[in-house]
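# Descriptive analysis of the structure
Listed here are the chains, written in short residue letters.
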Amino acid sequence: MAGNAVRVETSRRRAALLILGLMVIVFIILSAFSFVGSRDQITPDTVTYADTFGAVDGKRVFQAYNCMGCHTIVGNGAYLGPDLTNTYESAGPAWIAAFLPSAGTWPTEAALRVQLQNSNQVAETGITDLAAYYEAYPGAKERIERRGGLPTFMPNLGFRAGEVSEVLAFLKYTSLMDTEGWPPTPKVDGLEFPQAAKVINVASTRPTATDTRNAPATSGSSPSATTAGGSESGTMAAQTPVGDAPAEAGSATTSEADPAAGLALADQYGCFACHAKTEARLVGPGWGGLYGSTQSLEGGGGATADEAFLAESITHPDAAIAAGYPAGVMPAYAGILTDDEVAAIVAYIRSLETP
Amino acid sequence: MTSYRTQRLSLRFFLLMLVLLLVQVALGVLLSLQHADPTLLSGTMNFNITRSQHVNLGVLWILSGFIGTILFVGPLLSKRELAAPWLIKFLFVALVAVTVWNAVAIFFAQKGIAGWWLGQAWIQEGLEYLEAGRIADIIILIGFAILAYVVLRTFPKRSEWNEIHWGLAIGVTALTVMWVFGMFFIGRIDLQEYFRWFVVHYWVEGVWEVIHISLIGILLVLMFKADIKAVGYAVFWGVTLVWLSGLLGNAHHYFWVGTPEFWQFWGSLFSALEPLPLILCFWHMYLDAHHDRKPIENKPAFYFLLGSAVLEMVGAGILGFTMTFALTNVWSHGTWVTPSHAHLSMFGTFGMLGLGAAYFIVPKVRKVVDFDQRFGQLAFWLVFLGMLGIGFAFAIGGTIQVFTYRTLGLDWFGGDIYPAMGTYKILLVLFGIVFFAGVLLLVFDLITLGHRVQAPAPQATDYAPPTTGWARPLRGFEAGIWLLGMWVFGLIITFGLLSYNLPRVQGGDPTIPYTAAAVGYPGLLLTTLLFVWRFLASLEARERASSVAMQRRTALAGD
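Per chain, residues are indexed from 1 in the order of the written sequence. Here chains are named by letter from A upward and ligands by number from 1 upward, in the order in which they appear as written. At least 70 in pLDDT is required for a residue's local features to be given in this predicted model, at least 80 for side-chain atom pairs to be given and counted, and no such filter applies to totals for whole chains, interfaces and linings, which use all residues. Each side-chain value is derived from all of the structure's non-hydrogen atoms; neither hydrogens nor water enter the calculation.

## Digging into the interface of chain A and chain B
Opposite the 73 residues of chain A that make contact, chain B presents 91 residues. Buried area counts how much accessible surface, traced with a 1.4 Å probe, disappears from two parts once they are put together, with both parts' losses summed. Around 7,100 Å² of area is buried between chain A and chain B when both sides are counted, 65% of it from carbon and sulfur atoms. When the shortest N-O distance is used, the salt bridge between glutamate 163 of chain B and arginine 13 of chain A registers 2.9 Å. Whenever a nitrogen or oxygen atom comes within 3.5 Å of another N or O atom, the pair is scored as a polar contact, on the condition that within protein one atom can donate a hydrogen and the other can accept it, and that pairs from neighbouring residues in sequence are kept only if both atoms are in side chains. Taken together, chain A and chain B are joined by 25 residue pairs in polar contact (both at pLDDT 80 or more). Secondary structure counts use DSSP, requiring at least four H or I residues in a row for a helix and at least two E residues in a row for a strand, with both numbered from the N terminus. Elements that contribute at least two residues to the side of chain A that touches chain B include exactly helix H1 (2-34), helix H2 (55-64), strand E3 (72-73), strand E4 (76-77), helix H7 (138-147), helix H8 (163-176) and helix H9 (197-204) of chain A. The biggest single contributor to the side of chain A that touches chain B is H1 of chain A, with 15 residues. As a working rule, the residues Ala, Val, Leu, Ile, Met, Phe, Trp, Tyr, Cys and Pro are called nonpolar, Asp, Glu, Lys and Arg charged, and the rest polar, with Gly in that last group. Looking at the side of chain A that touches chain B residue by residue, the classes come out as 41 nonpolar, 16 polar and 16 charged. Residues count as neighbours in contact if any of their non-hydrogen atoms are within 4.5 Å of one another. Every case where a carboxyl oxygen of Asp or Glu lies within 4 Å of a side-chain nitrogen of Lys or Arg is listed as a salt bridge.

## Examining the confidence of the model for chain A
Note: predicted coordinates in regions of low pLDDT should not be interpreted at a detailed level. All names here are of chain A. Scored by pLDDT, chain A has a mean of 80; 80% of the residues are at 70 or more. Confidence of the predictor in every single residue is expressed as pLDDT, which spans 0 to 100. Taking the mean pLDDT of every element in chain A, the minimum, 32, falls on helix H12 (residues 230-239) and the maximum, 97, on H2. Within the model, pLDDT remains below 50 along residues 199-254, and this stretch shows 93 contacts once partners closer than five positions in the same chain are excluded.

## Let's talk about the pattern of salt bridges
Residues and elements named next belong to chain B. Tallied over the full model, the rule gives 19 salt bridges over all chains. Across the salt bridge formed by glutamate 125 and arginine 134, the nearest N and O atoms sit 2.6 Å from each other. Each residue is assigned to one of three classes by its accessible area relative to the maximum for its type, calculated with a 1.4 Å probe on protein chains only: buried under 20%, partly exposed between the two thresholds, exposed over 50%. Taking relative accessible area as the criterion, arginine 134 reaches 3% and is therefore assigned buried. Put simply, glutamate 478 and arginine 472 hold a salt bridge, and the shortest N to O gap is 3.4 Å. Among the residues examined, glutamate 478 registers a relative accessible area of 16% and is labelled buried.

## Here's the deal with the nonpolar core
Judged by nonpolar contacts, the single largest core of 238 residues is most densely connected at Trp95 and Tyr133 of chain A together with Trp203, Trp208, Phe302, Leu442 and Phe531 of chain B. At 23 residues, helix H6 (residues 189-224) of chain B tops the list of elements feeding residues into this core. If sequence neighbours within four positions are ignored, tyrosine 133 of chain A has contacts with Ala91, Gly92, Pro93, Ala94, Trp95, Leu112, Leu116, Gln121, Ile127 and Ala140 of chain A. What is meant by a nonpolar core is a set of buried Ala, Val, Leu, Ile, Met, Phe, Trp, Tyr and Cys residues, joined one to another through side-chain atoms within 4.5 Å. Grouped together as the second largest cluster of nonpolar side chains are 28 residues, Ala261, Phe309, Ile314 and Ile345 of chain A included.

## Quick notes on the packing of aromatic side chains
Within a pair of aromatic rings, the relevant descriptors are the distance that separates the centres and the angle that separates the planes. Note on ring pairs: Phe, Tyr and Trp rings are taken, using the six-membered ring of Trp, and paired if centres are within 6.5 Å. Classes follow the plane angle, with under 30 degrees stacked, over 60 edge-to-face and the rest tilted. In this structure the tally under the stated criterion is 68 aromatic pairs over all chains. Ring geometry for tryptophan 61 of chain B and phenylalanine 347 of chain B: centres 6.3 Å apart, planes at 55°, overall tilted. Pair noted here: tryptophan 61 of chain B is in helix H2 (residues 47-78) and phenylalanine 347 of chain B is in helix H12 (residues 337-366), with a separation of 286 residues, a long-range link. Aromatic side chains phenylalanine 282 of chain B and phenylalanine 531 of chain B sit 5.6 Å apart centroid to centroid with 40° between the ring planes, which places their arrangement in the tilted category. Here phenylalanine 282 of chain B is found in helix H9 (residues 275-289), whereas its partner phenylalanine 531 of chain B is found in helix H18 (residues 511-558), with 249 residues between them in sequence. Residue phenylalanine 282 of chain B shares its accessibility class with phenylalanine 531 of chain B, and that shared class is buried. Among the aromatic residues, those joined into a ring-pair cluster are Phe27 and Phe35 of chain A together with Phe181, Tyr194, Phe195, Phe198, Tyr202, Tyr254, Phe262 and Trp263 of chain B.

Next up, the structure:
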């Protein structure tokens, strides 16, 4: 009797293990089918940003900074920041490049326009015009209108040369991936939604930086036309609420360079994403004590950081690179900022002279 | 119970477990504070650093607990001393070294340094759960190989193995083999996620679960003198069911990561079966605790083992079930709903096992005959309550997050979702502090165990075991009703997540999912709390009954 029970149990166990073996086979077959080339899933080795930066390199950067320790990618990771899978598709490379490296505020429209001049960006999207960019990447418009100039929680990461472009290649790849419709597309516009009104109010009671900024942006199609005319940019500076002295900013166009106007411009163009107001090095050199200091240059020689040197560094940064800093990181502001605006920013840098 | 000299080696691993647990939970509280205020320590210890440390230490202290327990039961199962104890001493040093190194290495992510060489990240690789770089990976692999070698060398001849031997042998071997799948940089996200879940899923739901079932089995045999054949039967079918459901159940991780759609079918079907072995384990816990009617000798140990089996069923089984279907997972994926399941199942199943084992083993090895068990009991209630609360805060916060983020499409840091979840972010901090208090108490208690002797039992004069009321003996029928109740609430939660698919909800009406979550989560967690209270009250009554009986006998003998 007992022997019989043991036999029954033994044969049951054999059957269970047999089924398990079958499942292993099913799993292996399914797995093999998951990665066959004919499945048309995009692979990162075929994706580049501006034909230069590879998505696999971007993935290495993404991992090196442990991005999924705060964000999610294809939904996996931590839940502090937003999911990044479709950020490229929604906000586009210029906005992301303006956001990274982040230093406390969301990019303003001015900061986005700077990135629109970036040759890689132009090579990739073919867009130099803000209106066209907004049309291609509506997420950028929404972000700038709702949050431009407002605080962000993302810490400054001090990316090295090329890393941001590589991350762009990676995010382009994840945007192109087929994720079976995840994340689900919202069927309603949450911003106009009554249940959301309460939380929206929290956001809208803060100053919105860019309400009136669309008009000048839509006027031109070439880089020089977009930013032509100091008075136009001066007007924008006057409207920005993040500057300490918006009223004075309008006078930046006059002959006397005004540090307060320089500060407002620096805020607006997102300079502090890369430059600290102290001597600390973020991406570029800190502005504190920079004026009047002696800089040794890449490739030998030295220069004193006077008005002319600083102005040249803003308009044509790669003309003379300070030792230890890679070329090609800082955008050239020639054609974006007027001479008066450059002078105002230099005046602001000078005001940060260490006593 | 015969004791072996080499069993003492388990003590150092339990000590390491407690130290790492303390740090891990402190980091957890810090994480919840950083969630509430993301500028906290920003630039010094960014959220991703804290989070990686929290996750890695969680894995490391659970492994320390496993190793400590295996070193204690290994000689008992083999009826001889551990083979090569010097290797175990080396394993300990290596484990400490790799823990310290990894904790330092993770900070390199703040500067974007991964240590790329030969295509691999040698310092840290910034993948969730697999943050460790190749240097740490290789040391850990060697450590696992040492553990597997010592266990297999210690065990008797294969012909003498019972199911527990098999379970542990397969467990330690597979632990080593599975780790290898996480040791490569992969450029494709879909392929990387495919192999990442080999390590994470097959470790947790394949290997750890096997070790868990085997260890719970042997501890029940030791604590209740349960029949080894019956336990062996449960171990075999538990392990087999884990694999039958979990092997293809892993597909629930292959839903939205770029792998083909057919995984949705296999994942939804098989991972829905994954709670079966957990229910079996839960039920065996009930049966074995009622194997005899004697009072529980070591209450804290049993409290934590019961907590492990119950939270495994609730956190891994029920909460996992709610989000395992493609149609519910599409909403829960990548939101706070997920960590409610992760916290309850990881700490609940594996953490509580390690703590229960420590309470059982530390006094045995240290030859402490009598210790004040009230500290351990109080600590259990604090961590149990704290963890249920953490699960609640994550789950309700997550429900709001799903609606605002996925249904309304509101932006993350536009200030939209953040204030909507605010209340639950604060609640998370509060329950985290309760949990932390419990951890502080139990670490203090376990380290100083035996310095305080048991207070004399209450001298009841005319006490009989209650036949009615909260402390009456728990019977199978009633336990079944409790179990059913938990699953009913689990189904309500599942329907709540499913209801996000309704046009009505997608049109902007959150009434159905919010109501289901407001009933389901508190219902499930409170039922769990009350059930454990009821289970333990019934067992405590035995002790009072037997102390009364003993007094009667003493009185009779006196006559």
